[in-house]
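Each chain, letter by letter, is given below.
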Amino acid sequence: MAVPFLDSGAHEGPADYLLILRRNIALDGDLMLARRELEAFFQTPVQNVETIHEGIMEGADGAGIQQFIPFDSCVRPEGVIGFRVSGPPALLPRLIRQVSFIQQILCVLPEHGGGRAWVEDLRREVGEVIVTREAEGKLVVSALPHYLLFELSEAVVRASSDGNEVRRKLQQLTDALLGHTADREAVALAQAVLISCRSTSPPLHGLHYFKAKFFPRMARSLINIGTGACEGERRILDSFAGSGTTLVEAATLGHDGVGVDVDPLAALISTAKLDLMGMESGFLEEEAENAILRLSCKAKVLNQTPPDAAMLFPEWMMRNRRMTGELAGSLASEIGALRCVVEGSAPEARNLLRVLMSDAICRKIRMRFLGTGVGRFSLTVGSRPLSRMFLQSLSHAAKAAAAGEWLRENLRLNPAPGQALVGDARRLPDRIGAFDLILTSPPYLPASSGRESYAKAHAPSLIALGMKDAGSVDALADGCMGAMEGDEPDFMELLQRERDAVEWLARDGLRRPKAGPTARYFLDMRRAFEEMHRALKPSARAVVVSGKQSTFYTFSTREPLYVVPCAEILAEEAEAAGFVLEALHDVQLQKANRNARPRSLDDYFETLIMLRKAGE
Ligand SMILES: C[S@@+](CC[C@H](N)C(=O)[O-])C[C@H]1O[C@@H](n2cnc3c(N)ncnc32)[C@H](O)[C@@H]1O
């Protein structure tokens, strides 16, 4: 919806903008994305601001502006706190709806004739997230970007016991952030959530445990950058959609997202997230009560004959020494009870409940593949009962739905639908159509060639959900990029750097099993790039996120032995498929997990491979 006053050009000349960053931006890569995103909106460079004082716009009443920043203690403690730029006033509603890294937008309009009508129109469009003040003949608008509230709603959901409390707290929080209230509880809540580093993810994204997910705000900013921060619906494809981060962010930005993943569980997770965006919290609260009831009359649920463990767990899992017959039997009866609850749920809730059951199973039964290319894995089984994990997640989902309702109503949101398909990125479905942007992240090189198999790590869930059986679940891993099993790759087709890496692996006694799958990985990625190129409209962009490099270490001293420049190789493959390489941006990631890989606390970078299809 347009803002008539702004569109009519009643504000002559550009407005001055100050955009204050979220405090919890710690890494240079995020700062780079925040800057590039704003430059996509303004189509001009933005200027760094390091203190609030520096940010105060010339000509506007400094003290007046300072009063607009009730939480200036919650800005970034060091370095850049935000950006200044001049731009059209008409950009303001789009900035409020779309930006990803910003905590507060201040906009000083050149003159305010007719301003009241304009402010009312703006409010109607973006909701109650603005306050205005007149200073020295200018109209100053302070706005909370929608994404700030999406992100902060996660902390509110965690701190609330039910949907009513979620709604009350979200209102309190918004009032405090806008400076509408001095209520101690509200102000304390606002300060706590702004200062917290934890919450960077709107609640939907955490529905299911999933390795190597996008950081949601990174995905959102890349959608904005990749579409030129356009207004209006665009078609966006993620051909390795995983848990659907791109699809959810595209939907909240009003774009039509399509996801493809070879793993049916990934497609189900994405679908459940998209469904939950429009679900009523009251309905889910009822589902949660029914589930508690059904699980509490255990006799009824457990009287069903529990599934046979051999049907639920593949044979390679049963061979693990931790998987005793007794443990397998008790897991099978826990899973059987949950399955009864899910199957008895309302059909509209069933996708969501299936995903929550799968999440509980994945968190309880954890497998980590050891990276030697021979399928060895460690298995840990948590002690918390599956039913308790499931019920807690269901209650969290009902609260997330309440947050979604509040946000839709109060921010006038109208999420676009999206769809997740089971398919292969190397052979996209014929009738998938043409896209304005691809944003995707394939499995990284270390994730292929036996180190970690997404499909295998999900095996018990896939079987419990009836998507695969114990005999066929491994075939799913064979459909993934760089599978352990498959046709003999033609080494002569490899690029020089690919061949160097494969030959090095083949010469290393312990790593020899990885050579074939690594060759297969590069050739699979070649086909995936050809398909991406085919699916894009002329002049449209693709952003592919990959690990920057993959390092092989000596097992004893952990000294680096050989480095594969994965992102550069993938960029070369993309160019060979017809893409123009626009840029490679390295983005540092925070790695907290000491056990993830050798020297896992070394600086770790992902690379954004920015591509464009040539115009016609
Ligand atoms: C790095 S994950 C993507 C994570 C995603 N960006 C997210 O935010 O959840 C890679 C995904 O690629 C999928 N995949 C592997 N091989 C594939 C293939 N041949 N076609 C489509 N998807 C595939 C895996 O199942 C996995 O879900």
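What you are looking at is a predicted structure, and each value in this text was computed from that prediction instead of being measured.

The rules behind the values
- Residues numbered from 1 in each chain as written.
- Predicted model: local features only at pLDDT ≥ 70, side-chain atom pairs only at ≥ 80, totals over all residues.
- Helix = DSSP H or I, 4+ residues; strand = E, 2+ residues; numbered from the N terminus.
- Buried ≥ 20, exposed ≤ 12 C-beta atoms within 10 Å, placed from the backbone.
- Contact = placed C-beta atoms within 7 Å.
- Pairing = 2+ DSSP bridges.
- Axes fitted to C-alpha atoms, helices over the stretch in contact; angles between N-to-C directions.
- Near = placed C-beta within 6 Å.
- Nonpolar A, V, L, I, M, F, W, Y, C, P; charged D, E, K, R; others polar.
- Parallel < 35°, antiparallel > 145°, perpendicular 65-115°, else oblique.
- Expected span 1.5 Å × (residues − 1).
- Arc of directions from axis to C-beta.

Engineer: Describe the overall build of the protein, listing the residues and the values that go with them.
Structural biologist: Looking only at helices and strands, the protein features 25 helices and 17 strands. Of all 616 residues assigned to the protein, the portion counted as buried reaches 50%. When contacts within the protein are restricted to residue pairs at least 6 apart in sequence, long-range pairs at least 24 apart make up 77% of them.

Engineer: Please provide a residue-by-residue account of the sheet that holds strand β2 (residues 47-49), values included.
Structural biologist: An order of β2-β3-β1-β4-β6-β5 is seen for the six strands of this open sheet, with the pairing classed as antiparallel. In this open sheet, the two edge strands, each paired with only one partner strand, are β2 and β5 (130-135). Recorded for the sheet is a direction-independent mean angle of 20° between the axes of neighbouring strands. Bridging between strand β1 (residues 15-21) and strand β4 (residues 102-109) involves six bridges; their strand directions are antiparallel. Looking at β4, one finds that L18 is bridged to L106. Along the sheet, helix α2 (residues 28-42) makes contact with β1 and β3 (82-87), crossing β3 at roughly 10°.

Engineer: I'd like a description of the site of the ligand, backed by residues and values.
Structural biologist: Lining the immediate surroundings of the ligand are 23 residues, of which F240, G242, S243, T245 and A425 lie closest. Of the residues contributing to the shell around the ligand, the split by class is 13 nonpolar, five polar and five charged.

Engineer: Which residues make up unusual backbone geometry, and what values go with them?
Structural biologist: Only a minority of non-glycine residues have a phi that is not negative, and only a minority of peptide bonds are not trans. With a phi close to 60°, Q43 is a non-glycine residue in the positive phi region. Mapping Q43 onto the fold places it in the loop between α2 and β2. With a phi close to 50°, A229 is a non-glycine residue in the positive phi region. Within the fold, A229 resides in the loop between α10 (216-226) and β7 (235-238). Given 22 C-beta atoms within a 10 Å radius, A229 is considered buried.

Engineer: Can you lay out α10 for me, pointing to particular residues and giving the numbers?
Structural biologist: α10 sits mainly inside the fold: 11 of its 11 residues count as buried. Immediately downstream of α10, the backbone of G228 shows phi near 65°, a positive value.

Engineer: So what's going on with the pairing of strand β15 (residues 560-564)? Which residues, and what values?
Structural biologist: As paired elements, strand β14 (residues 550-553) and β15 share four bridges and run antiparallel to each other. Residue pairing across strands places S550 opposite V564, the latter belonging to β15. The turn linking β14 back onto β15 is made up of six residues, and R558 within it adopts a positive phi angle of 65°.

Engineer: An account of the environment of L411 is needed here, citing residue identities and associated values.
Structural biologist: One can find L411 in the loop between α19 (386-410) and β11 (418-422). Linking L411 and V126, residues 285 residues apart in sequence, is a C-alpha distance of 5.5 Å. If near-sequence neighbours (up to four positions away) are discounted, L411 is found in contact with V126, G127, V129, H146 and L149.

Engineer: Go over the packing of helix α8 (residues 163-177) against helix α9 (residues 184-195), please, and point to the residues and values.
Structural biologist: Taken N-terminus to C-terminus, the directions of α8 and α9 make an angle of 85°; their axes are 8 Å apart at the nearest point. Between α8 and α9, the angle falls in the class roughly perpendicular. Seen from α8, the contacting residues are K169, Q172, L173, D175, A176 and L177; seen from α9, they are E185, A186, V187, L189, A190 and V193. Each residue belonging to the contact of α8 with α9 can be placed in one class, and the counts come to eight nonpolar, one polar and three charged.

Engineer: I'd like a rundown of the packing of helix α17 (residues 325-343) against α19, residues and numbers included.
Structural biologist: Direction vectors running N to C along α17 and α19 enclose 35°, while the axes themselves pass 9 Å from each other. Residues E334, I335, A337 and L338 of α17 form the contact with α19, whose participating residues are L386, S387 and F390. Among the residues making up the contact of α17 with α19, the classes are represented as five nonpolar, one polar and one charged.

Engineer: Can you explain the pairing of β4? Please cite residues and give values.
Structural biologist: Counted residue by residue, β4 has eight buried out of eight residues, so it is predominantly covered. Two elements, β4 and strand β6 (residues 138-143), share five bridges in a ladder whose sense is antiparallel. Across the sheet, the residue bridging to I105 is A143, located in β6.

Engineer: Please give an account of helix α6 (residues 115-126) that cites residues and values.
Structural biologist: For α6, which comprises 12 residues, the first-to-last C-alpha distance of 16 Å matches the rise-based estimate of 16 Å (1.5 Å per residue) to within 8%. When α6 is considered as a whole, its buried residues turn out to be W118, L122 and V126. Viewed end-on, α6 has its buried residues packed into an arc of 50°, placing them on one side of the element. Residues of α6 that are exposed and point more than 90 degrees away from the buried face comprise R116, A117, E120 and R124.

Engineer: Give a description of the sheet that holds strand β8 (residues 256-261) that names residues and reports values.
Structural biologist: The strands making up a sheet associate through backbone hydrogen bonding, with each pair oriented either parallel or antiparallel. Spatial ordering of the open sheet is given by β11-β8-β7-β12-β13-β17-β16, a layout of seven strands whose pairing is mixed. Edge positions in the sheet fall to β11 and β16 (579-589), since each of these pairs with one other strand and no more. Averaged over neighbouring strand pairs, the angle between their axes works out to 15° when direction is ignored. Here β7 pairs with strand β12 (residues 435-440) via two bridges, running parallel. Bridge pairing in β12 links I236 to L437. Docked against the sheet, helix α12 (residues 264-276) engages β8 and β11, running at close to 165° with respect to β11.

Engineer: Can you lay out the environment of A397 for me, pointing to particular residues and giving the numbers?
Structural biologist: Assignment of secondary structure puts A397 in helix α19. Along the backbone, A397 and L204 are 193 residues apart, and their C-alpha atoms lie at a distance of 7.9 Å. Discounting residues that sit within four places of it in the chain, A397 has contacts with L207, L276, L284, L352 and L356.

Engineer: If you had to explain the environment of A328 to someone new, which residues and values would you point to?
Structural biologist: Position of A328 among the secondary structure elements: in helix α17. For A328, a count of 17 C-beta atoms within 10 Å gives the class partly exposed. Separated by 16 residues in sequence, A328 and L312 place their C-alpha atoms 8.8 Å apart. If near-sequence neighbours (up to four positions away) are discounted, A328 is found in contact with A309, F313, M318 and M323.

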